[in-house]
Amino acid sequence: MNICSLLREELTVLKSGFSFSYFKKIQFMNPWESRWQEGRIGFHLPQVNTYLSRFSAQLLESTAENVFVPLCGKTLDLPWLANRTKKVVGVELVSQAVEEFYAENKIAHSIQPAGKLQLYKNDSIDIYQGDFFDLSQEQTGLFEAIYDRGSIVALAQSERQKYAEHLLSFLAPGGRLLLITLEYEQDQMSGPPFSVPDTEITKLFSQYGRLELLESCDILDERLRNKGLDGILERVYQLVKN
């Protein structure tokens, strides 16, 4: 059995029959809002991520009481983590994703303002809805664990250093980051998901603590070959912060 998680093919959207008013509406949305509106969310997995279940012992280290999940969407990893720790906190730009998460999982919650964001609050799972860069650790406190499955690969290279610096401002000393990335020839396929080479991960994160490559897996298949790729690697890293 292949233990590597595969990239999910994005859903094809049939635009025939959409009204002019619909297109007028989505042209004012950011690209991620448009994706959710159109159902182009192939990055959303219908099950818990394989790497998370396999490497959760390293991430949680049996003592982590809170976990932060950036750019969380409506991932099923959130309730899975909530069953293994006291508090899970996500942040997500698109309100539709947050609303669908609580509705589909039948989780009662309240909504309250939180600076420039909205806080969807529950006893075990909170999600801040808004721009990640508008969230601060003064609002959330520090976390013992951070799980990044699809966040850094959603960002263009020009944004990734700022992202890494901001992300690690939420991680307590001694805390752990589980990071999942992709690497391929960027000129062979446009992102997102973007290629984030191993050399870039080392440059961005090794200065903050002990960075370890846990696994590297070739996930090239016929579908990805048809997109023009000669190869694609999925990598899993762990960072233990100084």
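Just so we're clear, the structure is a prediction, and the values are computed from it rather than from any experiment.

Draft legend 1. Inspection of the pairing of strand S1 (residues 66–70) at higher detail. Counting buried positions along S1 gives five out of five residues, so the element sits mostly inside the fold. Alternating residues of S1 divide into Asn-66, Phe-68 and Pro-70 and Val-67 and Val-69, and every residue in both groups is buried. Crossover handedness for the path S1 to helix H4 (residues 77–82) to strand S2 (residues 87–92): right-handed. Sheet topology note: the S1/strand S6 (residues 143–148) ladder contains two bridges and is parallel. In the strand pairing of S6, Phe-68 is matched with Ile-146.

Draft legend 2. Broad picture of unusual backbone geometry. A cis amide bond, omega -5°, links Gly-191 with the succeeding residue Pro-192. Considering the arrangement of structural elements, one finds Pro-192 in the loop between strand S7 (171–184) and helix H8 (198–205). Residue Pro-193 follows Pro-192 across a cis peptide bond; omega there is 0°. Tracing the sequence through the fold places Pro-193 in the loop between S7 and H8. Here the phi dihedral of Lys-106 falls at roughly 50°; this positive angle occurs in a residue that is not glycine. Within the element layout of this structure, Lys-106 appears in the loop between helix H5 (95–104) and strand S3 (110–114).

Draft legend 3. Here's a closer look at H5. Every buried residue of H5 is accounted for by Ala-97, Val-98, Phe-101 and Tyr-102. End-on, the buried residues of H5 take up no more than an arc of 125°, which puts them together on one face.

Draft legend 4. Structural detail: the sheet that holds strand S8 (residues 209–218). Strands sit in the order S3-S4-S5-S2-S1-S6-S7-S9-S8 across an open sheet of nine strands; the sheet is mixed. For this open sheet the edge positions go to S3 and S8, each flanked by a neighbour on one side alone. The average undirected angle you get between the axes of adjacent strands in this sheet is 20°.

Draft legend 5. Region of interest: the side chain of Glu-92. Looking at where Glu-92 falls in the secondary structure, it is placed in strand S2. Buried Glu-92, no salt bridge; nearest opposite-charge side chain is Arg-149, N-O distance 10.0 Å. Looking at Glu-92, its side chain comes within polar contact range of the main-chain nitrogen of Gly-73, at 2.7 Å. Within the local environment of Glu-92, its side chain forms a polar contact with the backbone nitrogen of Val-94, the two atoms lying 3.0 Å apart.

Draft legend 6. Layout of the environment of Gly-231. Structurally, Gly-231 can be placed in the loop between helix H9 (222–226) and strand S9 (232–241). Along the primary structure Gly-231 and Ile-219 are separated by twelve residues, whereas in three dimensions their C-alpha atoms are 7.8 Å apart.

Draft legend 7. The nonpolar core, seen in detail. Ranked by size, the top nonpolar core spans 28 residues in total, and within it Phe-68, Tyr-128, Ile-152, Leu-167, Leu-177 and Phe-205 carry the most contacts. Only S2, strand S4 (117–121), S6, helix H7 (157–168), S7, H8 and S9 provide two or more residues apiece to this core. With four residues, the single largest contributor to this core is H7. Among all residues touching Leu-167, those that are not within four sequence positions of it are Phe-68, Pro-70, Phe-132, Ile-146, Asp-148, Leu-177 and Phe-205. Membership of the second largest hydrophobic core comes to 27 residues, among which are Leu-60, Val-69, Val-98 and Cys-217.

Draft legend 8. Seen up close, the packing of H7 against H8. Running from N to C, H7 and H8 cross one another at 40°; their axes reach a closest spacing of 10 Å. For the element pair H7 / H8, the angle class is oblique. As for the relative orientation of H7 and H8, their crossing is right-handed in sense. Residue-level inspection shows Gln-157, Arg-160, Gln-161, Ala-164, Leu-167 and Leu-168 of H7 in contact with H8, the latter providing Glu-200, Leu-204 and Phe-205. Counted by class, the contact of H7 with H8 contains five nonpolar, two polar and two charged residues.

Draft legend 9. How the structure looks around the packing of aromatic side chains. Tallying each qualifying case throughout the model produces eight aromatic pairs. Between Phe-68 and Phe-132 the ring centres are 6.1 Å apart and the planes differ by 40°, which places this aromatic pair in the tilted class. Remark: Phe-132 occurs in the loop between strand S5 (125–129) and helix H6 (137–140) and Phe-68 occurs in strand S1; sequence separation between them is 64 residues. Overall, Phe-132 belongs to the buried group, its relative accessible area being 4%. Residues Tyr-102 and Tyr-120 carry aromatic rings whose centres are separated by 5.9 Å and whose planes lie at 10° to one another, so their mutual orientation is stacked.

Scoring rules and cut-offs
- Residues numbered from 1 in each chain as written.
- Predicted model: local features only at pLDDT ≥ 70, side-chain atom pairs only at ≥ 80, totals over all residues.
- Heavy atoms only, no water.
- Buried < 20%, exposed > 50% of the residue type's maximum accessible area, 1.4 Å probe, protein only.
- Helix = DSSP H or I, 4+ residues; strand = E, 2+ residues; numbered from the N terminus.
- Right-handed = clockwise from strand over helix to strand, strands pointing away.
- Pairing = 2+ DSSP bridges.
- Arc of directions from axis to C-beta.
- Axes fitted to C-alpha atoms, helices over the stretch in contact; angles between N-to-C directions.
- Lys, Arg positive; Asp, Glu negative; His and termini not counted.
- Salt bridge = Lys/Arg side-chain N within 4 Å of Asp/Glu carboxyl O.
- Polar contact = N/O pair within 3.5 Å; in protein donor to acceptor, adjacent residues only side chain to side chain.
- Core = buried A, V, L, I, M, F, W, Y, C linked by side-chain atoms within 4.5 Å.
- Contact = heavy atoms within 4.5 Å.
- Parallel < 35°, antiparallel > 145°, perpendicular 65-115°, else oblique.
- Left-handed = near helix turned anticlockwise from the far one by under 90°.
- Nonpolar A, V, L, I, M, F, W, Y, C, P; charged D, E, K, R; others polar.
- Phe/Tyr/Trp six-rings, centres within 6.5 Å; stacked < 30°, edge-to-face > 60°.

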